[in-house]
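The lines below spell out each chain.
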Amino acid sequence: MKQGLLTGRQREVLRYRKQGLTQQQIADIICTSKANVCTIEKAAYENIEKAKETLEFLYTLDATRLCTIKTGTDLFDVVGEIYTEAEKLRIKVCYDSINLINRLKEANPGKFKGRFVREDVEVYINDDGGELYFG
């Protein structure tokens, strides 16, 4: 049975992986090949990523565009840029520097390499500053 974006089999494989089982162990349990487990797991993570991107888009609809973080920018400079732009709008950012960097990297894992931005990131903020979104 499919609930949300994951099939029952995808949920099952992810649960087993969370328990620490290898793909071969899972294949043995669910009577399939290791290659099939790999395919199921990969599809599950792709669906999860699509869901995250969809939610980020939905949240940005009701948020104010704050700034664009340009390719090559050091993450430590990003923090100041976000605080400065939010201050111009008289919105207080609810994250400290470390949590802001973590939030940014978690929301866009493929857009960073080490401390640097690999691809432009659009930053949005809701009016009370309670949350930042990245497009």
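Before any of the text, the structure's been laid out above.
What you see is a predicted model, and the numbers here were worked out from it, not measured in a lab.

Some thoughts on the overall build of the protein chain
Then, in step 1: Counting its regular elements, the protein chain contains five helices and five strands.
Then, in step 2: Going residue by residue from the N terminus, the α and β elements of the protein chain occur as α-α-α-β-α-α-β-β-β-β.
Then, in step 3: Looking at the protein chain as a whole, 36% of its 135 residues qualify as buried.
Then, in step 4: Of the contacts formed within the protein chain by residues at least 6 apart in sequence, a portion of 58% connects residues at least 24 apart.
Then, in step 5: As displayed, the protein chain offers around 8,500 Å² of accessible surface, 52% of which is attributable to carbon and sulfur atoms.
Then, in step 6: On the protein chain, the mean spot of the 21 positive side-chain charges and the mean spot of the 21 negative ones are 6 Å from each other.

Observations regarding the pattern of salt bridges
Pairing between side chains becomes possible if they bear opposite charge and their charged atoms approach one another.
Then, in step 1: Summed over the entire model, instances satisfying the criterion amount to nine salt bridges.
Then, in step 2: The closest approach of N and O atoms between K42 and E46, which form a salt bridge, is 3.9 Å. Placement of the pair is K42 and E46 together in helix 3 (residues 34–61), with a separation of four residues, close to one helical turn.
Then, in step 3: Under the relative-accessibility criterion, E46 is labelled partly exposed at 40%.
Then, in step 4: Here E122 ties to R65 by a salt bridge, and the two come within 2.7 Å at their closest N and O atoms. Of the two residues, E122 sits in strand 4 (residues 121–125) while R65 sits in strand 1 (residues 64–69), which places them 57 residues apart along the sequence.
Then, in step 5: When its relative accessible area of 24% is taken as the criterion, E122 is described as partly exposed.

Concerning the layout of surface pockets
Then, in step 1: Quantified by volume, the largest pocket comes out at close to 230 Å³.
Then, in step 2: Along the walls of the largest pocket sit 13 residues, with K52, E53, E56, A107 and N108 positioned nearest its centre.
Then, in step 3: Per-element tally for the lining of the largest pocket: the top contributor is helix 3, with five residues.
Then, in step 4: Residue classes in the lining of the largest pocket are distributed as three nonpolar, three polar and seven charged.

A word on a nonpolar patch on the surface
Then, in step 1: Taken together, the side chains of L55, F57, L58, Y59 and L61 make up a nonpolar region of the molecular surface, amounting to roughly 510 Å² of accessible area.
Then, in step 2: For Y59, the location among the structural elements is in helix 3.
Then, in step 3: Residue class for Y59 comes out partly exposed when judged on its relative accessible area of 38%.

Reading the values: rules and limits
Residues numbered from 1 in each chain as written. Predicted model: local features only at pLDDT ≥ 70, side-chain atom pairs only at ≥ 80, totals over all residues. Heavy atoms only, no water. Helix = DSSP H or I, 4+ residues; strand = E, 2+ residues; numbered from the N terminus. Buried < 20%, exposed > 50% of the residue type's maximum accessible area, 1.4 Å probe, protein only. Contact = heavy atoms within 4.5 Å. Areas by Shrake-Rupley, 256 points an atom, 1.4 Å probe, with all protein chains shown as cover. Lys, Arg positive; Asp, Glu negative; His and termini not counted. Charge placed at Lys NZ, Arg CZ, Asp CG, Glu CD. Salt bridge = Lys/Arg side-chain N within 4 Å of Asp/Glu carboxyl O. 1 Å grid on protein atoms, 1.4 Å probe; cavity = no way out; pocket = protein on both sides within 12 Å on 5 of 7 lines; lining within 4 Å. Points joined across faces, edges and corners; volume = space filled by probe spheres on them. Nonpolar A, V, L, I, M, F, W, Y, C, P; charged D, E, K, R; others polar. Patch = residues over 30% accessible without salt bridge, like charges linked within 9 Å, V, L, I, M, F, W, Y side chains within 5 Å.

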